[in-house]
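The chain contents come next:
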Amino acid sequence: MRDLNFESRSLIRRTSTPKMRHVIAGFCRTALEDYREAGYPFGKTMDGMLLWFEYGQRTTDN
């Protein structure tokens with residue numbers, strides 16, 4: 001059985017690796033490109049993009 005007691009330091013170290021930052025940066029670039037192509041339906045902000053994702057990316061420019 002796995003031990004569920006873990007140190008948060010080891011978790012932080014794993015998530016802040018250069019590989020993880022590269023993956024997240026790539027996702028953000030792709031997401032911003034898709035949001036731009038949709039016509040920024042909720043404005044040109046990160047909050048607007050997140051709202052667009054919440055609606056399942058079905059909303060386009062009004």
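Residues numbered from 1 in each chain as written. Predicted model: local features only at pLDDT ≥ 70, side-chain atom pairs only at ≥ 80, totals over all residues. Heavy atoms only, no water.

1. What about the packing of aromatic side chains?
Next, step 1: Using the criterion set out here, one finds 4 aromatic pairs in the structure.
Next, step 2: Residues Y35 and Y40 carry aromatic rings whose centres are separated by 5.5 Å and whose planes lie at 85 degrees to one another, so their mutual orientation is edge-to-face.
Next, step 3: A residue is classified by how much of its surface remains accessible, and Y40, at 26% relative accessible area, is partly exposed.
Next, step 4: One aromatic cluster is present, formed by F27, Y35, Y40, W52 and F53 through successive ring pairs. (Phe/Tyr/Trp six-rings, centres within 6.5 Å; stacked < 30°, edge-to-face > 60°. Buried < 20%, exposed > 50% of the residue type's maximum accessible area, 1.4 Å probe, protein only.)

2. Considerations on the confidence of the model for the chain
Should pLDDT be low for a region, the predicted coordinates there are not to be read in detail.
Next, step 1: In this model, the chain carries an average pLDDT of 76, and 65% of its residues clear a pLDDT of 70 or more.
Next, step 2: Element-level mean pLDDT values for the chain span from 56 in helix α1 (residues 8-15) up to 88 in helix α2 (residues 18-37). (pLDDT = per-residue confidence, 0-100. Helix = DSSP H or I, 4+ residues; strand = E, 2+ residues; numbered from the N terminus.)

3. Examining a nonpolar patch on the surface
Next, step 1: Taken together, M20, V23 and I24 make up a surface patch of nonpolar side chains, about 240 Å² in accessible area.
Next, step 2: As for its placement among the helices and strands, V23 is situated in helix α2. (Patch = residues over 30% accessible without salt bridge, like charges linked within 9 Å, V, L, I, M, F, W, Y side chains within 5 Å. Areas by Shrake-Rupley, 256 points an atom, 1.4 Å probe, with all protein chains shown as cover. Salt bridge = Lys/Arg side-chain N within 4 Å of Asp/Glu carboxyl O.)

4. Re the packing of α2 against helix α3 (residues 46-54)
Next, step 1: Viewed as axis vectors pointing N to C, α2 and α3 meet at an angle of 80 degrees, and their least axial separation amounts to 11 Å. Taken together, α2 and α3 sit at an angle that is classed as roughly perpendicular. Along its contact with α2, which presents A31, L32, D34 and Y35, the element α3 presents G48, M49, W52 and F53.
Next, step 2: Class assignment for the residues of the contact of α2 with α3 results in 6 nonpolar, 1 polar and 1 charged. (Axes fitted to C-alpha atoms, helices over the stretch in contact; angles between N-to-C directions. Parallel < 35°, antiparallel > 145°, perpendicular 65-115°, else oblique. Contact = heavy atoms within 4.5 Å. Nonpolar A, V, L, I, M, F, W, Y, C, P; charged D, E, K, R; others polar.)

5. Structural notes on the nonpolar core
Soluble globular proteins tend to bury their nonpolar side chains together.
Next, step 1: Among the nonpolar cores identified, the biggest contains 5 residues, and these are A31, Y35, A38, M49 and W52.
Next, step 2: The set of elements that each furnish at least two residues to this core consists of α2 and α3. (Core = buried A, V, L, I, M, F, W, Y, C linked by side-chain atoms within 4.5 Å.)

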